[in-house]
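# Report on the structure
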There are 2 protein chains.
Amino acid sequence: MSFDINNHKQVNPPPRLLMGPGPINADPRVLRAMSAQLVGQYDPSMTDYMTETMALYRQVFKTENRWTLLIDGTSRAAIEACLVSALAPGDKVLVPVFGRFGHLLTEIAGRCGAEVHTIEKEWGDVFSPDEIEDAIKRVQPKMLAVVQGDTSTTMLQPLENLGEICQRYGVLFYTDVTASIGGNPLEADTWQLDAISGGLQKCLAGPSGSGPITLSDRFVTEVRKRHHVEAGIRADHHVDGAGERIRSNYFDLPMIMDYWGEERLNHHTEATSMLYCARECARILLQEGLDNAIARHQLHGNAMARGAEQLNLKLFGNQSHKMNNVVGVYIPENVDGEAVRSAMLNDFGIEIGTSFGPLHGKIWRIGTMGYNARKDAVLVTLSALENVLRRAGHKLPAGGAIDAAMDVYANARLQEGQ
Amino acid sequence: MSFDINNHKQVNPPPRLLMGPGPINADPRVLRAMSAQLVGQYDPSMTDYMTETMALYRQVFKTENRWTLLIDGTSRAAIEACLVSALAPGDKVLVPVFGRFGHLLTEIAGRCGAEVHTIEKEWGDVFSPDEIEDAIKRVQPKMLAVVQGDTSTTMLQPLENLGEICQRYGVLFYTDVTASIGGNPLEADTWQLDAISGGLQKCLAGPSGSGPITLSDRFVTEVRKRHHVEAGIRADHHVDGAGERIRSNYFDLPMIMDYWGEERLNHHTEATSMLYCARECARILLQEGLDNAIARHQLHGNAMARGAEQLNLKLFGNQSHKMNNVVGVYIPENVDGEAVRSAMLNDFGIEIGTSFGPLHGKIWRIGTMGYNARKDAVLVTLSALENVLRRAGHKLPAGGAIDAAMDVYANARLQEGQ
């Protein structure tokens, strides 16, 4: 087979405005951070960056949890690390499913050998605390595992009352916040969460590839029961935990904690560039301030939703539980959804999203998150979509979307002035 | 807890020359590639980059294997993906252990539920094909899993005769080449390998965080028997494989193949920046030419080893099976090994490595790999080490190391001229 390296040019992706459900454009500061040169795995500057990153993500998660660190993989890797370390074969887990990522949690928990129990909601709505408490009473699980923001449906499951319920029944409380963190409220300690996993590629304005997690003392005690140090790594004696060995080496949280902690026992080789990246994502968010960032996502998400309504697009799902950072809209009848997405991408350079499973071909998902939760990004997207829809034969009031979005911004300025 | 973002400055690592066993300094081209802006997960430019990366790594591995792709995690993640997808509980695996990373393979295989059989060599040597064939006859494993280059001992296990043996006994042949690829010969197809996993942070001159793998058709047939598509992802019908479900979702190779292949079924969200990075690592290597890169590692590794001898340092292990890219040297008696490493790092900005397990505190490991397999890097390191050792009271002939290294370079030029 002949091979010509010249067929593989220097990386040079086309300019895109990514207004789908994520990944979105990375903040240029994040890209610059990743281009910093490497240092050794145990260089004091490297271990300092690791320790600092732990401190930064404690603020991001609003927690005092000592064990707040990164999993070297995408957000899905961080989910698996939390589940496989806590759930031994036969352990019961309750998963309230209200979208695709609920199904993912059941999938991953099933692979751990857990006995998975689900309750399901029609896509587009969320669970009440009572519904979850009833299921906990019935199932008596070791863990409640629930997604906070399920991008497949754009819904945000309220978590604030679930921690108290879990405590009452002695249940570990785990959530995945990949799609929601940085754009929606999250209070790890106040809400009594035991384990949280996230990702960078949504409101944190980074690429995927690193999964921040935080673990409560209760959760750490649980997973430490399954602690075993690997062969060939430490000559001195070590007492292993009594629990069943964790089914994964890469996702073994007690071993990962020994690497991030003072012991600095070698496990994987920390992905330095992604560490720089995750650290910069947190710095950007905390410099803006968490409350400001959430308010910004709410403002631009609201402008996008009001604009979309004026494009004669019907919003999907229970609007009182929508995530701030993404809106679902029904694809109008007589409009070819993929042709619209294609025109947006190829003519205007703007990406909007399709959806999965039961919503595939039925809704578009339009994001306003991270670096792209900005007025210009909202207005450019609405203007383009107005023209693409008009040319596709969809009836809409010319200029209505921009006027509606502008009204949202004007009202926000008025309220600020008060 | 009060928190001051100003305590967390912009990333700015100290300048280091990384001459340990890896990670080493990234090629600046790789760092620049990572700073390219993101595109959407299914953007044609993104899927093109994925397909191109597959083609590039086929050349790196010297294979026609269709399924040549990246695992989103460090090299350890790529190992686990290969093992957990192929080894069902109870399957027998034979691991020849000649250093720390052999132990790691047993660890990971054990977590998969496999019945792990080992043969062991004293650290510093490798196995003969006969020794491995005898063990295969005795154990009758489903898989032979062996590390090519074990950085803990600097040894390179010859693989060229093992594929034929594995074929003869119907055994899958897997190897990890993280430490060796790009600096030592590897012929995936000629040597009849069924699965190979690697990493970027050694001779490929990148950061850790992405693990290239390649899989033979025979291996793919085996893991596809365990193929199950996850719930919530595809509405149309799908026939699951008869084999036991793979114990990990994140490392499920059949699902990862569906994502990298034409089906483009959503699995994880590909880590775009690390994809750009892995692609650039391969481009750099292939532009130089594999044979040239291997010769370069041999040349500079040889210069470092000859120089080290003239520092009155005794080389560790069977020198006829040393990796090109790293040399082990005994820490001289009466010299404090960690004090020397500390002076190298803190006074000269140069990192050399310690070792693990039985070699901890007994040898240093000095690498010449990837971007740092360069004459200036070798000479600067030897000069610095000469002075640090001299000041530590170690006897050595002044200037001998540099003269020995220079002789290696002069001889190489002479041979080139012939």
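Residues numbered from 1 in each chain as written. Chains lettered and ligands numbered in written order. Predicted model: local features only at pLDDT ≥ 70, side-chain atom pairs only at ≥ 80, totals over all residues. Heavy atoms only, no water.

### A few points about the pairing of strand 11 (residues 326–330) of chain B
Residues and elements named next belong to chain B. By the criterion of burial, strand 11 is predominantly enclosed, with four of the five residues buried. In this structure, strand 11 lies alongside strand 13 (residues 363–367), joined through five bridges in antiparallel fashion. Residue pairing for strand 13: Val 326 is matched across the bridge by Gly 367. (Buried < 20%, exposed > 50% of the residue type's maximum accessible area, 1.4 Å probe, protein only. Helix = DSSP H or I, 4+ residues; strand = E, 2+ residues; numbered from the N terminus. Pairing = 2+ DSSP bridges.)

### Let's talk about the packing of helix 11 (residues 337–348) of chain A against helix 12 (residues 375–391) of chain A
Residues and elements named next belong to chain A. Their axes nearest at 10 Å, the elements helix 11 and helix 12 cross at an angle of 125 degrees. Our classification of the angle between helix 11 and helix 12 gives oblique. Crossing angle aside, the handedness with which helix 11 passes helix 12 is right-handed. Residue-level inspection shows Val 340, Ala 343, Met 344 and Phe 348 of helix 11 in contact with helix 12, the latter providing Thr 381, Ala 384, Leu 385, Asn 387, Val 388 and Leu 389. Residues that form the contact of helix 11 with helix 12 fall into these classes: eight nonpolar, two polar and no charged. (Axes fitted to C-alpha atoms, helices over the stretch in contact; angles between N-to-C directions. Parallel < 35°, antiparallel > 145°, perpendicular 65-115°, else oblique. Left-handed = near helix turned anticlockwise from the far one by under 90°. Contact = heavy atoms within 4.5 Å. Nonpolar A, V, L, I, M, F, W, Y, C, P; charged D, E, K, R; others polar.)

### Details of helix 9 (residues 272–288) of chain A
All names here are of chain A. Here helix 9 is 17 residues long and its end C-alpha atoms lie 25 Å apart, about the 24 Å a rise of 1.5 Å per residue gives. Most of helix 9 is tucked away: 15 of the 17 residues are buried. Within two residues after helix 9, Gly 289 carries a phi angle of roughly 100 degrees, on the positive side. (Expected span 1.5 Å × (residues − 1).)

### Examining the side chain of His267(A)
Inspection of the secondary structure puts His267(A) in the loop between helix 8 (253–260) and helix 9. We classify His267(A) as buried; its relative accessible area is 2%. At 2.9 Å, the side chain of His267(A) forms a polar contact with the side chain of His268(A). Discounting chain neighbours no more than four positions away, the residues touching His267(A) are Asn249(A), Tyr250(A), Met255(A), Ile256(A), Tyr259(A), Arg76(B) and Arg100(B). (Polar contact = N/O pair within 3.5 Å; in protein donor to acceptor, adjacent residues only side chain to side chain.)

### Some words on the packing of helix 10 (residues 290–310) of chain B against helix 13 (residues 400–417) of chain B
Residue and element names in this part refer to chain B. Where helix 10 meets helix 13, the axes come as close as 7 Å, and the angle between the chain directions of the two elements is 150 degrees. Taken together, the axes of helix 10 and helix 13 lie roughly antiparallel to each other. Here helix 10 runs over helix 13; the crossing is right-handed. Seen from helix 10, the contacting residues are Leu 299, His 300, Asn 302, Ala 303, Arg 306, Gly 307 and Gln 310; seen from helix 13, they are Gly 400, Ala 401, Ala 404, Ala 405, Val 408, Tyr 409 and Ala 412.

### Focus on the UniProt feature "modified residue: N6-(pyridoxal phosphate)lysine" (unreviewed entry) in chain A
All names here are of chain A. Per the UniProt record, "modified residue: N6-(pyridoxal phosphate)lysine" (unreviewed entry) is found at Lys 202. If you trace the backbone, Lys 202 turns up in the loop between strand 9 (195–197) and strand 10 (211–215). Not counting residues within four places of it along the chain, the set of residues in contact with Lys 202 comprises Pro 21, Gly 22, Ile 24, Thr 151, Thr 178, Ala 179, Met 369 and Gly 370. Among the polar contacts made by the side chain of Lys 202, one reaches the main-chain carbonyl oxygen of Pro 21 at a distance of 2.7 Å. (UniProt positions renumbered as here; feature names shortened; annotations may be inferred.)

### Let's talk about the interface of chain B and chain A
With 87 residues of chain B at the contact, the number on the chain A side is 87 residues. Summed over both sides, the interface between chain B and chain A buries roughly 7,400 Å², with carbon and sulfur atoms accounting for 57% of that surface. When the area that chain B buries against chain A is broken down by residue, the three leading residues are Val11(B), Arg76(B) and Arg111(B), summing to 10%. The tally of links from chain B across to chain A stands at six salt bridges. Taking the shortest distance from any N to any O, the salt bridge between Arg245(B) and Glu107(A) comes out at 2.5 Å. (Buried area = accessible area lost by both parts, 1.4 Å probe. Salt bridge = Lys/Arg side-chain N within 4 Å of Asp/Glu carboxyl O.)

### Side note on the relation of the copies chain B and chain A
Once chain B is rotated about the relating axis by 180 degrees and shifted along it by 0.0 Å, it coincides with chain A to within an RMSD of 0.0 Å. Within this description, the copies of the chain are treated as partners about a two-fold rotation axis. Considering only C-alpha atoms, the residue of chain B closest to the rotation axis is Gly73(B), which sits at 2.3 Å. Looking at the interface residues of chain B, 100% of them are also at the interface in chain A, so both copies use one shared face. (Least-squares fit on C-alpha atoms with pLDDT ≥ 70 in both.)

### So, the sheet that holds strand 10 (residues 211–215) of chain B
Residues and elements named next belong to chain B. Ordered in space as 2-10-9-8-5-3-4, the seven strands form an open sheet in which the pairing is mixed. The strands lining the two open edges of the sheet, one partner per strand, are strand 2 (67–71) and strand 4 (115–120). In this sheet, adjacent strand axes meet at a mean angle of 20 degrees when their direction is disregarded. Across the face of the sheet, helix 8 (residues 253–260) comes into contact with strand 2 and strand 10 while running at roughly 100 degrees to strand 2.

### Comments concerning helix 2 (residues 44–61) of chain B
Over its 18 residues, helix 2 of chain B extends 26 Å from the first C-alpha to the last, a length consistent with the 26 Å expected when each residue adds 1.5 Å. Among the 18 residues of helix 2 of chain B, 15 are classified as buried, and the element is accordingly described as predominantly covered.

### Examining unusual backbone geometry
For the bond from Gly22(A) to Pro23(A), the omega torsion is 0 degrees, close enough to zero to count as cis. With a phi close to 50 degrees, Gln140(A) is a non-glycine residue in the positive phi region. We classify Gln140(A) as exposed; its relative accessible area is 60%. Even without being a glycine, Lys62(B) presents a positive backbone phi close to 55 degrees. Looking at where Lys62(B) falls in the secondary structure, it is placed in the loop between helix 2 and strand 2.

### Description of the sheet that holds strand 8 (residues 172–176) of chain A
Residue and element names in this part refer to chain A. An order of 2-10-9-8-5-3-4 is seen for the seven strands of this open sheet, with the pairing classed as mixed. Each edge of the open sheet carries a strand with a single partner, namely strand 2 (67–71) and strand 4 (115–120). Here the strands of the sheet are splayed against their neighbours by 20 degrees on average, with no regard to which way each runs. Bridging between strand 3 (residues 92–97) and strand 4 involves six bridges; their strand directions are parallel. When the sheet's bridge partners are listed, Val 93 is paired in strand 4 with Val 116. The strands touched by helix 5 (residues 129–139) are strand 3, strand 4 and strand 5 (143–147); relative to strand 3, the strand with the most contacts, the crossing angle is about 155 degrees. Its contacts with the sheet place helix 8 against strand 2 and strand 10, and it is angled at close to 100 degrees to strand 2.

### Concerning the packing of aromatic side chains
One pass over the structure, following the stated rule, counts 17 aromatic pairs over all chains. Ring geometry for Phe251(A) versus Tyr250(B): centroids 5.8 Å apart, planes at 70 degrees, classification edge-to-face. Here the residue Phe251(A) occupies a position in the loop between helix 7 (217–224) and helix 8, and Tyr250(B) occupies one in the loop between helix 7 (217–224) and helix 8, the pair thus bridging two chains. Comparing Phe251(A) with Tyr250(B) shows no difference in burial state: the two are buried. Taken together, a centroid distance of 6.4 Å and an interplanar angle of 90 degrees make the contact between Phe101(B) and Phe356(B) edge-to-face. Of the two residues, Phe101(B) is situated in helix 4 (residues 100–111) and Phe356(B) in the loop between strand 12 (350–351) and strand 13; the sequence distance between them amounts to 255 residues. Phe356(B) gets classed as buried once you look at its relative accessible area, which sits at 17%. Members of the aromatic cluster, each reached through a chain of ring pairs, are Tyr250(A), Phe251(A), Tyr250(B) and Phe251(B). Note that Arg100(A) overlies the ring of Phe356(A), its terminal NZ or CZ placed 4.5 Å from the centroid. (Phe/Tyr/Trp six-rings, centres within 6.5 Å; stacked < 30°, edge-to-face > 60°. Lys NZ or Arg CZ within 6 Å of the ring centre and 35° of its normal.)

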